[in-house]
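Listed below are the residues making up each chain.
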Amino acid sequence: MGGKNKQRTKGNVRPSSSGRAAEVLTREGGVIPGFVGFDTTVTSELSYVPAVHGAEEIDNLVDADFRLVLRKLSKRDVVTRLKAVQDFGTMCQERDAEEVKGVLPYWPRIYCKISVDHDRRIREATQQAFEQLVLKVRRNLAPFLKSLMGHWILSQCDTYTPAASAACQAFQAAFSPTKQPEALSFCKDEILSVLQDILLKETADTLSDPQSVTEEEREGKYVRMLTSSLLGVKRLLSLLLQSDRTAMEERLAELLNSAKFWKYSKNKTPQVRGAFFEMVCALCEFTPGLVLAEAARLSTAVLLSIDDSDPVVLPPVWEAVLYVVSTIPDCWTHVNAKKGFLPKLWALLKEGGKGMAKALHPNLMPLLSKLPQQVTDPTLDFYTTFFSSLIQGLSSERAATSPSESAVIVTSVVECLRYCILKNTEEEEEQKKMRTMLISQQLLPLLEKALANPSLQNGPLFLLVTEMLVSWEKRAGLHSEDEANDSGDVFKGLLADFWEGLGLLFVRYADNEDADPQALEGVATLLQVMRYPERVKRKHAQKKKSVKICFSKPEDHEKTGVEEACVEKPVQTMSELVNEKTFGPLHTQHFEDVVCQLAQLCLVHVNEKTSERHLVFLSLLLQSFHTPRIFSTLVELDEKITDGEERDDVTMKNPSMQFLLERVVVWLAEKGRRDTEHLVEMVFSSLCCCTQQETTRILNHITTMDLQWGIILQIIQRACTDPETLKSCRDWLKGSVLGEQLLGLTEELCKVGSTSPSSTSTTSKHSWTLISLVLSQHHNNEVLIGEVYMEKILERLHATLSETKSLSDAGNMEPLICFICDVASTFFSSVQDCLLLLSAEELLLTVFQLTAQDQTHTHLSDSLLDKLRKVCVTGVRSLVQHSECEVKEGGFLHSAALWVTNQLLTVSMDIKSLQVLILAVQSIVETIISVCDQDSPLLVQFFTQLTPSQTEWTRIRQALPSQWIKTPLLASRHRGVCEKPSMDIWKSRVSTRLPAHLCACALLGRVARTVAFTPHDEKEAECPSHLPNLKYTVSELLYALQWCKEVEYMPAYHSLLTDSGLLEGLQSQVPMKRLLGTLYSRSVEDGGLWSLTLENYIHTNNLAATGSATVRKLYGSADSLFPVSQSTLSTLQVLCPTMTKEDRETLIDLATAGIINWQENDDVYGCLAVLLCCLTANTHVEEEVVHAILATVMEWRTSKEDWFLFSSDLSKATAEQLNLAVEMMRFLSWLVTHCPTVLGSSHWDFLLCSMLAWLETASENVSSLWNPWVQLFVCENAALIVNLNQFFTSSSSDIREKLPSELTAEWTDFFIEGIYNLLLPLPVNITDAFTEPDDPVFPLAVLQSVGVALTYVPVQQLKQNSLPPRFIADQKTNLPEPLQTLLNTFCPLLLFKARPLQITVYHLLEKVMPELPECDGEGDNNKSDDDRDEPCLSPPASLMAILSTCEELCDSILAGVQVGEFAVVQPLSVEYSCILGYLLAWKLLVTFFKSSPSHLRAHYAQYLKRSCSLNKLLLHLFKLMPENPIYPSQGAETKETKTFFTESQSLAVDNSESVEWELPHLACSVYYSTVQDLPAMVRLWWNGQEKRVSAAVEKFTIKYVSPVLSAQEISSVHSSTQMFDSMTVKARSAAREVIATYSVDDIFIELVIQLPQNYPLGSITVESGRRVGVSVQQWRNWMLQLSTYLTHQNGSIMEGLALWKNNVDKRFEGIEDCMICFSVIHGSNYSLPKKGCRTCKKKFHSACLYKWFTSSNKSTCPLCRETFF
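Owing to the predicted nature of the structure, the values given are computational and were not obtained by experimental measurement.

Cut-offs applied
Residues numbered from 1 in each chain as written. Predicted model: local features only at pLDDT ≥ 70, side-chain atom pairs only at ≥ 80, totals over all residues. Heavy atoms only, no water. Core = buried A, V, L, I, M, F, W, Y, C linked by side-chain atoms within 4.5 Å. Buried < 20%, exposed > 50% of the residue type's maximum accessible area, 1.4 Å probe, protein only. Helix = DSSP H or I, 4+ residues; strand = E, 2+ residues; numbered from the N terminus. Contact = heavy atoms within 4.5 Å. Pairing = 2+ DSSP bridges. Polar contact = N/O pair within 3.5 Å; in protein donor to acceptor, adjacent residues only side chain to side chain. Salt bridge = Lys/Arg side-chain N within 4 Å of Asp/Glu carboxyl O. Axes fitted to C-alpha atoms, helices over the stretch in contact; angles between N-to-C directions. Parallel < 35°, antiparallel > 145°, perpendicular 65-115°, else oblique. Left-handed = near helix turned anticlockwise from the far one by under 90°. Nonpolar A, V, L, I, M, F, W, Y, C, P; charged D, E, K, R; others polar.

**Details of the nonpolar core**
At step 1: Core analysis: the largest hydrophobic core is formed by 295 residues, its most contacted members being Phe848 and Tyr1567.
At step 2: For this core, the element with the most residues is helix α79 (residues 1470-1490), which contributes 13 residues.
At step 3: Among residues more than four places away in sequence, those in contact with Tyr1567 are Leu1514, Leu1517, Phe1518, Met1521, Phe1541, Val1593, Thr1597, Val1601 and Leu1657.
At step 4: The next biggest cluster of nonpolar side chains, apart from the first, holds 241 residues, and it includes Leu148, Ala183, Met279 and Leu443.

**As for unusual backbone geometry**
At step 1: Residues Asp377 and Pro378 are joined by a peptide bond in cis, for which omega reads -15°.
At step 2: You can see Pro378 is positioned in the loop between α22 (373-376) and α23 (379-392).
At step 3: Residue Pro1656 is reached from Tyr1655 by a cis peptide bond, and omega for that bond is 5°.
At step 4: Here Pro1656 lies in the loop between β5 (1643-1650) and β6 (1661-1668).
At step 5: Located in the positive-phi region is Arg138, a residue other than glycine, with phi close to 50°.
At step 6: Position of Arg138 among the secondary structure elements: in the loop between α7 (120-137) and α8 (145-156).
At step 7: The class of Arg138 is partly exposed, set by a relative accessible area of 48%.
At step 8: A positive phi angle, close to 50°, is found at Lys354, a residue other than glycine.
At step 9: Within the element layout of this structure, Lys354 appears in the loop between α19 (337-350) and α20 (357-360).

**What to know about the pairing of strand β4 (residues 1633-1640)**
On a regular strand, each side chain points to the face opposite its neighbour's, so the side chains alternate between the two faces of the sheet.
At step 1: Of all 8 residues making up β4, 6 are buried, and the element is well covered by its neighbours.
At step 2: Once strand β3 (residues 1623-1628) ends, the chain turns through 4 residues before running back antiparallel as β4, passing Arg1632 with a positive phi of about 55°.

**Observations concerning the side chain of Ser1083**
At step 1: For Ser1083, the position within the fold is in helix α60 (residues 1072-1086).
At step 2: Among the polar contacts listed, one links the side chain of Ser1083 to the side chain of Thr1131, at a separation of 2.8 Å.
At step 3: Once you skip the residues sitting within four places of it in the chain, Ser1083 turns out to touch Trp1090, Ser1091, Leu1094, Ser1127 and Thr1131.

**What to know about the pattern of salt bridges**
At step 1: Under the counting rule described, the total for this entry stands at 29 salt bridges.
At step 2: In this structure, Arg1082 engages Glu1036 in a salt bridge whose closest nitrogen and oxygen atoms are separated by 3.3 Å. Residue Arg1082 is found in helix α60, and its partner Glu1036 is found in helix α57 (residues 1030-1047); the two are separated by 46 residues along the sequence. Each member of the pair, Arg1082 together with Glu1036, is buried.
At step 3: Salt-bridge contacts for Lys1359 lead to Glu1411; the nearest nitrogen and oxygen are separated by 3.2 Å. One end of the pair, Lys1359, is in helix α75 (residues 1355-1359); the other, Glu1411, is in the loop between α77 (1395-1408) and α78 (1437-1453), with 52 residues separating them in the sequence.

**Comments concerning the packing of helix α15 (residues 270-286) against helix α17 (residues 295-303)**
Axes are the key here: two packed helices are described by the angle between their axes and the distance separating the axes.
At step 1: α17 packs onto α15 with a crossing angle of 135° between their chain directions and a minimal axis gap of 12 Å. What the angle tells us is that α15 and α17 run oblique. Helix-helix and strand crossings are classified by hand; for α15 and α17 the assignment is left-handed. In contact with Phe277, Val280 and Cys284 of α15, α17 contributes Leu298, Ala301 and Val302.
At step 2: Classifying every residue of the contact of α15 with α17 by side-chain character gives 6 nonpolar, no polar and no charged.

Next comes the structure, spelled out in structure tokens:
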């Protein structure tokens, strides 16, 4: 079909061409041909709307939109089909039921196809759409069910779960659970037909078209369909009623009879095998009759597949195994169990189920129960092998790493063991052997294995064994006589055997000097589990709920996390322990015997060998078994050893107490014992069997034993672990024995702390912790120790802190302060009214002072400061909560405010100290607010105390350094004077210590903002803050910020005040009119910086636009500001832009009157300044007025010449005199720019002569430029020169006609020369006078203004300059003297650290660069023809000298940066100026190179190649160009991204805004110039780089440079005006091609030049076009020549073509080629072949011969091989 991309009309009813053909056939033939809608298998390709009789009528039944979607469903594109299915679902949801019903006849075919699509998204979407269809049509679906249901069942078993669940959802939407069996019964035959066809008939190639579907996809679909079909049979059977299942058995038998069906059990795909076994399970469950009929095949298929360990297959296989052994009684007759089944089972068990234990092992016990005698004979061997294999599985890699796998295997082992023992409870010999084998060969070795294996200990093994023992005891009748059964004796015997074996096992482990601690811990764990199975059970249950994943830990001596969870140290209540006579749930005597035996064994080892590991083991045992019998046993053993010494009665009565006093306490007191935790635990285990009096007595005894404090700490901590233990120890804790000991400890600590800093030893740490614990620990709001002792300890600590109040010592006292912090914090937070004590307030003040000072002063650590801050907050909170609402004199808040104010006004602080102080004060304020609220009188009083008085404000404001005036003065924002300007004022730098004014502003601003932070509900204007005089504080803050801005002072300080909306928040607290009024009145009174503050306030709040009426109210009328003083002039200058037109005109009238009547007026300067302010604000003024003012100024020239300061010494001039001269300059500048036509001839003479005279004065007073007013004088004069230059160069012809006729000629002939003779030496003189650019007095502004003026200098003026001659010895040069002097004078200034000067020098030199190459004439002519080296010529020497200096500097600056990384350079730093000078020098060099003729260019290129300068430049450039050179500040709407390569750079002298992007842009610009003008050299450099560098360079060039450069090359060919005789050149920009056509007489040549993608790095390719009349050899030579020229010459394509044409022309003139390079003109030095061979008479280029001789090491002719003379 044509028009593939045209828009389809919606609802287009015209069929496509193939459809029309079918329609014609139908109409003519009357029958439907066989190729439309044929019906083979269900999944064959089907037409979307079947063609039947009366196709038009059917078409009309289906809605047009539906028809379009149905067509799309048969498209090949996946996305189209997916979108169509989704649209179909949406339409079914949204359309009428009638419209949807129209689709039903066609839906079955489409559904059958797309429900088994290759793409799973389409299958899912199909089912979702089907659900919508079902919901819409409901019972109308019935007629089509039979054709749908087969694939519907298939879809419900789809391997892609979302698709399957969507199909099930659709099925449930269609039929309720009761209706589902009926629906399936109705369609069961059709369903089974579909499933059988897939299982028995289809193959991968019949299900999908081999021509359009890949083999992989075909195979995937086939496997998916097989899996779904097998699962479909299962689903069908599970959903049908029993009667229907019986009816289906015949059809199913056909399936089972097929050999193909049984092969699926061995299919290579796990999915298919899994589905097969699932279906087998369903067959066993629902159709047992069928299964019995196929028993042979089924048994074999299932029972011999048990080794299939694929995760998908194993679960259904084992389910099937259980079904088979249950359903088929004779299944073992069909399978050889001994050879086929059991070996596979053993192998599987030995490998731990191959990682599938969870699926496999739970089936083992059911399997055992079903195994007949014939399989298990001989029984003993069978079970031995079974359990050995099963236990061996625990060692498999998977079981060892996965606790969950291991747990399943263990559970299975114990289950099977219990089952086997229950099966063998008779007295027969065989069964006895079996029981013995199970216990001695299986169970005990398993337990032994577990003792050394932490992961098995943490598993369920011990608990399961305990449960098994409990069940045996019940059967043996040990729990109650009723339970005992016939086999009771058997079980008693079993228990005896088990405990005997286990006892021996334990003894073997314990009775060993080098017993493994891990194993001993395992023994203790096992016994503890047996002791408290319920507790462990509870833990296991919790673990099952929460833990999903568990990683095994390495076996070390620490308990693993899980183990701790299982084995918690039991803490039991007294009542429990006294009543607990029996041993937990295990009622056998053996248990207790074993424990006693072990305890005695441990004691023996401890006594004899002092074995620490046995002591720990004993502690663990006693933890679980603290019963009188154990302690009696231990005491009896002791008595045997010690032969019973005398003891008191109490001790004799209670064995646990006896053991404790005679043994445990002795062990505790041993010297050098490190780990005492287990002994403390043993103490509490023993105390469990003691009364409260005994407990107190023993603990008092322990306290007075002079033990380490760490042990006492452990005992107290252990006593506090639970309420019951605490209750039993209460008398001891509250008693005097412990209290006195702690008080003594405190005394000792305070002495140690104050004498030596080494008090941080381990014992000391324990002591601190101990005191902290007893003071801070509370139970039910009751103190831990006696209150008397608590108070005494606190008093001692207070005394200590007051001794260490000297703050400089604080660093050494850190541990003590740290400790006192803890105590004070507890004290402040827990003791009410604590701060009513004066000493407490003093303590708080000391803490506050420590937090409010910088760490460099106090030497405190961060953590300690943090603690102190918290203590301070707690104290202030306590103070505010319990105090009246006033700041008492001498109280904490009053003292703190006085101290802070004193710090602000007298101590000189740096930014860090200020920040610390502000944070401390803010913390107090925030604490007060958190307790009271914003309006608290406390806050107001505290703020008032902090605020300086008005006189203090004035004093600290006047103390601010006056350097601020320089910036606004030179920027013409301020007209100010200075009382006595001396050089010292301007030379001094602003200190890094903060002036007091800034400190006070910052602190008060922050505090006020904190107070006012909570937003009020009313409008801002109506809610002035309740803080007093806030408007003064805010205005001082604005003043401080303005000062910082003007002196560019400390960004850190500026951000301190502007961060987090501080300023805006404060300004919203003060009504705008009030603040504006305050600023205005201060400005009128004091002028100066207040005026600038007012201007900034007006500007930031946009009052010029929104509040001009408010501003006007400030001054009332304009004449109220006259006559002007210095302060009103400053104010007026600020207000002028916001004034009304009428006010400004009034001011002009007043000012004009003052100027014209200058004899009676004292303040001419003021009037002139006001006039200029109004003129700058674009106020209209009449021509007569201008004439009158100008006439007056000219009158001053005669009568008051000293006002003009012509030829005067400016160092003696006052600021007022300089200001007047400056105002006159500004007035003249305004005349030139605004009304030049008003000026007559005499006016112009006056103006130009004054300008020149001022310039002369400026050049004579360079040494006075330290003075800002002299700088202003020179700057304004330079601005006047710039305005004149712009006027004469760019004014329109209309204006020129109105000027005096001779004016322009005078300007060009006389004034320009005069100006630039004075201006050119000025930068040099300034840098000679001021050598240090970082000096505060360096006149950078002058250099900038003069620089802008110098950029207008004409080239002729530069070539004939009158600079003092400057030459350098041994400098080779062909330049005329003025030019050489110019270069020698200005080139060194490229490196001067002043950006405006560097840029100025660049602009000056750039103008003369194109003039320099012509001075080199023909180049390197001194070299004789015999000189064999290639000629080279240096570019201007002075420029190259600067370049080499810069090169070295750049090398060191960029040494650490890799090529391709972006080096960020700090703007205007020393590095910046070095790199700027370097790049500017290269820019000049490239300009010079570009303007050289091609023969000279080769010589210069040769010089650059030798000096390697270019190579270094390129490496530097790739460190300076940004990785992504996007042009900044471009809008998002631009189509093409602007980069530094597409945008040209304007290097303006006075442009300081985009200075951060200047270097990257300049680097890009230089790189672009080099690749454009030196492509061959860049290519040579690139080819020589290592792979990493060359790849980075190429990637960058291709992305950003090549597209721009190629486009420019092509467009330059397009726009080239160069004409060639007999050669035409065309360009094709899209293909990046240039076509050159050369024709002479009957010869015709066409060459195609193709630019590579990475141009200019890659070589340009030259391809042949057409040729006529040229031999092939000659043709090849010429193509090679052109290719060589374009690759090796530095220039454009046009220059390369010109060179090639010249070569071909020479060939036609009869000059022969050089036989070495096959070219007439040499590729680099453009010479002709001159060196001839005497023998063969052939001529060669000198350079070619030189290369030939050096490379071949011979001196023979290349052609005839004779010696070359």
